[in-house]
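# Overview (structure and organization)
The chain contents come next:
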Amino acid sequence: MMTFADDVPAPFLSSVMQIEPQWIDYNGHLNMAYYNVMFDRAIDELWLRLGIGPGYLKARHHSTFTAECHVRYLREIHLGDPVQVAILLVAADEKRLHTFEELRHATEGWLSATSENMTVHVDMSARKTAPFPADIGSRIDAVARSHAALTRPEGIGRKIAMSSKK
């Protein structure tokens with residue numbers, strides 16, 4: 001019997017995306033703001049599969065907000081580089097989704113950046129956090145279970161800190 005999680009790969013892979021010329025900064029590489037655009041576009045693809053995309057807001061008056069984000073820039077991306085994002089659903093509860101995303105060169109496979117995020121479910125009428133409806137919660141649980149079997153990538157749970165020099 002096929003489950004919802006069978007329809008969402010583990011990890012979820014976004015479509016291949018292209019860097020837009022206006023996103024290149026004066027250093028000749030992708031500007032830091034546009035890494036977030038790429039991560040956000042990939043999350044939007046996963047949210048559509050989970051049933052929590054724009055149609056969900058319109059039909060059910062609920063949405064998601066990013067509450068926290070930690071991006072690591074590991075290797076430059078340049079104009080012409082095709083990219084793809086892998087998304088791991090690290091954990092989920094009745095109101096939150098913890099995701100870890102890896103932006104990779106789509107043909108060569110090397111890692112360019114990671115983004116770790118905490119997303120909250122919001123009742124847009126009250127503009128307050130709220131539990132996911134049961135049908136959405138069961139989809140999220142199915143994906144979380146399938147992703148739980150994956151090896152956790154290096155970088156999950158990191159924080160920003162400067163080591164002290166002696």
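Everything that follows concerns the structure shown earlier in this document.
Residues numbered from 1 in each chain as written. Predicted model: local features only at pLDDT ≥ 70, side-chain atom pairs only at ≥ 80, totals over all residues. Heavy atoms only, no water.

## Quick look at the nonpolar core
So the rule is basically this: We call a set of buried Ala, Val, Leu, Ile, Met, Phe, Trp, Tyr and Cys residues a nonpolar core when their side-chain atoms join them within 4.5 Å. Each residue's exposure class comes from its accessible area (1.4 Å probe, protein chains only) as a fraction of the maximum for that residue type: buried when under 20%, exposed when over 50%, partly exposed otherwise. Secondary structure elements are taken from DSSP: a helix is a run of H or I of four residues or more, a strand is a run of E of two residues or more, and numbering for both begins at the N terminus. It only takes one pair of heavy atoms within 4.5 Å for two residues to be counted as in contact.
Counting 31 residues, the largest nonpolar core has Ile52, Ile77 and Leu103 as its most contacted members. Looking at this core, the element that brings in the most residues is helix H1 (residues 32-50), giving eight residues. In this structure, isoleucine 52 is in contact with Trp47, Thr64, Leu97, Phe132 and Ile136, ignoring residues within four places of it in sequence.

## Some points on unusual backbone geometry
A positive phi angle, near 60°, is found at histidine 61, a position not held by glycine. On the basis of relative accessible area, histidine 61 is assigned to the partly exposed category, the value being 46%. Unlike most non-glycine residues, arginine 127 shows phi in positive territory, near 55°. The residue arginine 127 is located in the loop between strand E6 (111-123) and strand E7 (128-129) in this model.

## Overview of empty space enclosed by the protein
In this approach, a probe sized like a water molecule rolls over the atoms, and the result shows the empty space that is left. Just so we agree on the cut-off: Buriedness for pockets is judged along seven lines, at least five of which must meet protein on both sides within 12 Å for an open set on the 1 Å grid over protein atoms alone, while cavities are sets there where a 1.4 Å probe fits but cannot get out, and lining residues have an atom within 4 Å of a point. Grid points are joined across faces, edges and corners, and a volume is the space filled by probe spheres set on the points. Polar here means any residue outside two lists: the nonpolar Ala, Val, Leu, Ile, Met, Phe, Trp, Tyr, Cys and Pro, and the charged Asp, Glu, Lys and Arg; Gly therefore counts as polar.
On inspection of all chains with the given rule, the structure shows one cavity of 30 Å³ or more. Volume-wise, the largest cavity comes out at about 30 Å³. Around the largest cavity, the lining residues are His70, Arg72, Phe100, Thr114, Glu116, Gly155 and Arg158. Put simply, the parts of the chain that give the lining of the largest cavity at least two residues each are strand E3 (62-73) and E6. Within the lining of the largest cavity, the residues separate by chemical class into one nonpolar, three polar and three charged.

## A few points about H1
Which entries qualify depends on this criterion: What a helix is expected to span follows from its residue count: subtract one and scale by 1.5 Å. Pairs of N or O atoms within 3.5 Å make up the polar contacts considered here, provided that, within protein, one atom can donate a hydrogen while the other can accept it, and that residues adjacent in sequence are counted only when both atoms are side-chain atoms.
Over its 19 residues, H1 runs 28 Å from end to end, which matches the ideal 27 Å to within 8%, given 1.5 Å per residue. Residues of H1 that are buried include every one of Tyr35, Met38, Phe39, Ala42, Ile43, Leu46, Trp47 and Leu50, and no others. For H1, the N-terminal capping position is held by asparagine 31, with its side-chain oxygen 2.9 Å away from the main-chain nitrogen of alanine 33. Immediately downstream of H1, the backbone of glycine 51 shows phi near 90°, a positive value.

## As for the side chain of glutamate 102
If you trace the backbone, glutamate 102 turns up in strand E5 (residues 96-105). On the basis of relative accessibility, which here comes to 14%, the residue glutamate 102 falls in the buried class. Among the polar contacts made by the side chain of glutamate 102, one reaches the side chain of arginine 104 at a distance of 3.4 Å. Dropping the residues within four chain positions of it, glutamate 102 is found in contact with Phe39, Gln84, Val85, Ala86, Leu111, Ala113, Thr114 and Pro153.

## A look at the pairing of strand E4 (residues 82-92)
Side-chain positions along a regular strand alternate between the two faces of the sheet. What counts is decided by this rule: Between any two strands, at least two bridges found by DSSP are needed for them to pair.
Taking burial as the measure, the eleven residues of E4 include eight buried ones, the bulk of the element. Here strand E1 (residues 12-13) runs beside E4; their pairing, made up of two bridges, is antiparallel. Bridged to leucine 13 within E4 is alanine 86. In terms of strand pairing, strand E2 (residues 17-18) meets E4 through two bridges, oriented antiparallel. Bridged to glutamine 18 within E4 is proline 82. Direction of pairing for E4 relative to E5: antiparallel, over a ladder of nine bridges.

## Remarks on the layout of surface pockets
Taken as a whole, the largest pocket spans an internal volume of roughly 320 Å³. Around the largest pocket, the lining comprises 22 residues; the ones closest to its centre are Asp40, Ile43, Asp44, Trp47 and Thr66. Contributing elements (two or more residues each) for the lining of the largest pocket: H1, helix H2 (54-60), E3, E5 and E6. The element that contributes the greatest number of residues to the lining of the largest pocket is H1, accounting for seven residues.

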